[in-house]
Each structure stands twice: as structure tokens, then as C-alpha cells.
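Below are the chains, spelled out letter by letter.
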Amino acid sequence: MATDLIQIDAEHPSVEAIERAAAAVRRGQIVAIPTDALYSLVCDPLNLHAVGRIFAAKGREASRALPMLVSDVVMAEDLARETSPRFYLLARRFWPGPLTIIVEASSRVPLKVTGNTGRLALRQASCKVATALLERLAQPLIATSANLSGQPTCSSGIDVFGNLDGRVDLVLDSGLAAGAGSTTVDITEPYWRVIKEGAIPEREIAEVLKGT
């Protein structure tokens, strides 16, 4: 499988580039895009063949859930079994932005996407490319870090191409993505916890969730 690479402007992505990426996703292909948290691999979460391909592309264990990008809180509500006050507090404060929130998945989400855990990591990104692609497709997207499992996340389109050539179908290259990576917080348990600290410090999350 040959990997295509096209140049885009991160702040003003062309309609043609977004449509090409959307068409690839509709065909069950894997696309690498720049986000506010480095580069991500995206695909259709409801296409189980595509989901399997993204696990294989990364060499990711099937027991590890795949995160999703959403366009807004309404889309997130459709994917979560329930949305707690903690969810709304965090989403109101940090979305769109580099915060991933782990919730219990609704029955609409394939179990394979959750790594058979029934839990789902959701994020609304603050970047023009992801926003435009979500709007074009009118659906959520798998959005997992663009890397081989256990390796650093790729910070440029050329880096993605070099590491994942032949494993993904299309790379939208906007040059260097300087984000620090997303912070991930699990709110499914009685006591919330930060799974991975990234751009948003744990102290800021604690301040928002104080008393919950």
C-alpha cells in the first residue's frame, strides 16, 4: 500500500484537501492529520475493518481503547452512556483543547473501539484541520497518536510518512505541530484520576473538579 502525502495550511486547510481526506475515511482508509496535540491517525469508528487497520498500523494491543475526536459536546453525549457533572465541568472549561475525557461508552460505540473495556476517550480538538474534517463527515473520528505503539508521537507530516509509510493511506502535512500532547483524565470511577499529563496540568483539572 502506497502512502500519499499532500501539503496543507493548518490555519486555512483547502476544501480540496479536506474532501480528499473525508473521501479516504469513507472508504475505510487511515489518514494522518495535524492537531493541537501533535499528529493523529483518524478513521471511521463505525467501520470495523478500518478500526482493525488502525490497530495494525500502530502495532497497538487490541485491549487498548482508541480515542475519538468529536465536533462538540452534543456529539460526545451521543457516544457516552451518560454524561456526569464532572464531564460538563471539564468540557466547558477545556474544550476545544488538549484534554481527553474517559467516559463509559454508549451501546452505539463498537466494543472493539473501546478495547473491550466499555470505556471511551473523547476530545474536541482546537485545530482547523480536525474541525473541518469532522464538519465534512458529520460524525466522530477515531483519533489516536500518529506513531508506532511505544514510540514518540510524530510531530510533522514528514515524520509520519517516514515512520508509517505503507501503514496509512494519506498524510495531510502542515509541517511541524508543536503541541505538548493531550492530558487524559478518567472520570468513570468514584474518584477521578489523570491517566496521562500533557498540555493541561493536573492542578488545573483538580481546581475545576474541586468538590465533585
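Keep in mind it's a predicted model, so treat the numbers as computed, not measured.

J.: Please give an account of the layout of surface pockets that cites residues and values.
T.: Where empty space is left can be seen by rolling a probe of water-molecule size over the atoms. Here the largest pocket defines a volume of roughly 880 Å³. Around the largest pocket, the lining comprises 37 residues; the ones closest to its centre are Arg60, Arg64, Pro67, Thr184 and Lys196. Put simply, the parts of the chain that give the lining of the largest pocket at least two residues each are strand 3 (38-43), strand 4 (68-69), strand 5 (99-104), strand 6 (119-123), strand 7 (141-145), strand 9 (183-186) and strand 10 (193-196). In terms of residue count, strand 6 provides more of the lining of the largest pocket than any other element does, four residues in total. Tallied by class, the residues present in the lining of the largest pocket amount to 12 nonpolar, 16 polar and nine charged. Each pocket or cavity is described by its volume, and for the second largest pocket that value is around 160 Å³.

J.: Break down unusual backbone geometry for me, with residues and values.
T.: The omega torsion of the bond from Trp95 to Pro96 falls at -10°, within 30 degrees of zero and hence cis. Backbone geometry places Asn116, a non-glycine residue, at a positive phi of 65°. In this fold, Asn116 is placed in the loop between strand 5 and strand 6.

J.: Lay out the pairing of strand 9 with the relevant residues and their values.
T.: Side-chain positions along a regular strand alternate between the two faces of the sheet. A two-sided burial pattern is seen for strand 9, the buried positions comprising Thr183 and Val185 on one face and Thr184 and Asp186 on the other. Taken together, the four bridges between strand 5 and strand 9 define a ladder with parallel strand orientation. Along strand 9, the bridge assignment pairs Leu99 with Thr183. For strand 9 and strand 10, the ladder comprises three bridges, and the chain directions are antiparallel. When the sheet's bridge partners are listed, Thr184 is paired in strand 10 with Lys196. Between strand 9 and strand 10, which pair antiparallel in sequence order, lie six residues.

Conventions used here
Residues numbered from 1 in each chain as written. Predicted model: local features only at pLDDT ≥ 70, side-chain atom pairs only at ≥ 80, totals over all residues. Heavy atoms only, no water. 1 Å grid on protein atoms, 1.4 Å probe; cavity = no way out; pocket = protein on both sides within 12 Å on 5 of 7 lines; lining within 4 Å. Points joined across faces, edges and corners; volume = space filled by probe spheres on them. Helix = DSSP H or I, 4+ residues; strand = E, 2+ residues; numbered from the N terminus. Nonpolar A, V, L, I, M, F, W, Y, C, P; charged D, E, K, R; others polar. Buried < 20%, exposed > 50% of the residue type's maximum accessible area, 1.4 Å probe, protein only. Pairing = 2+ DSSP bridges.

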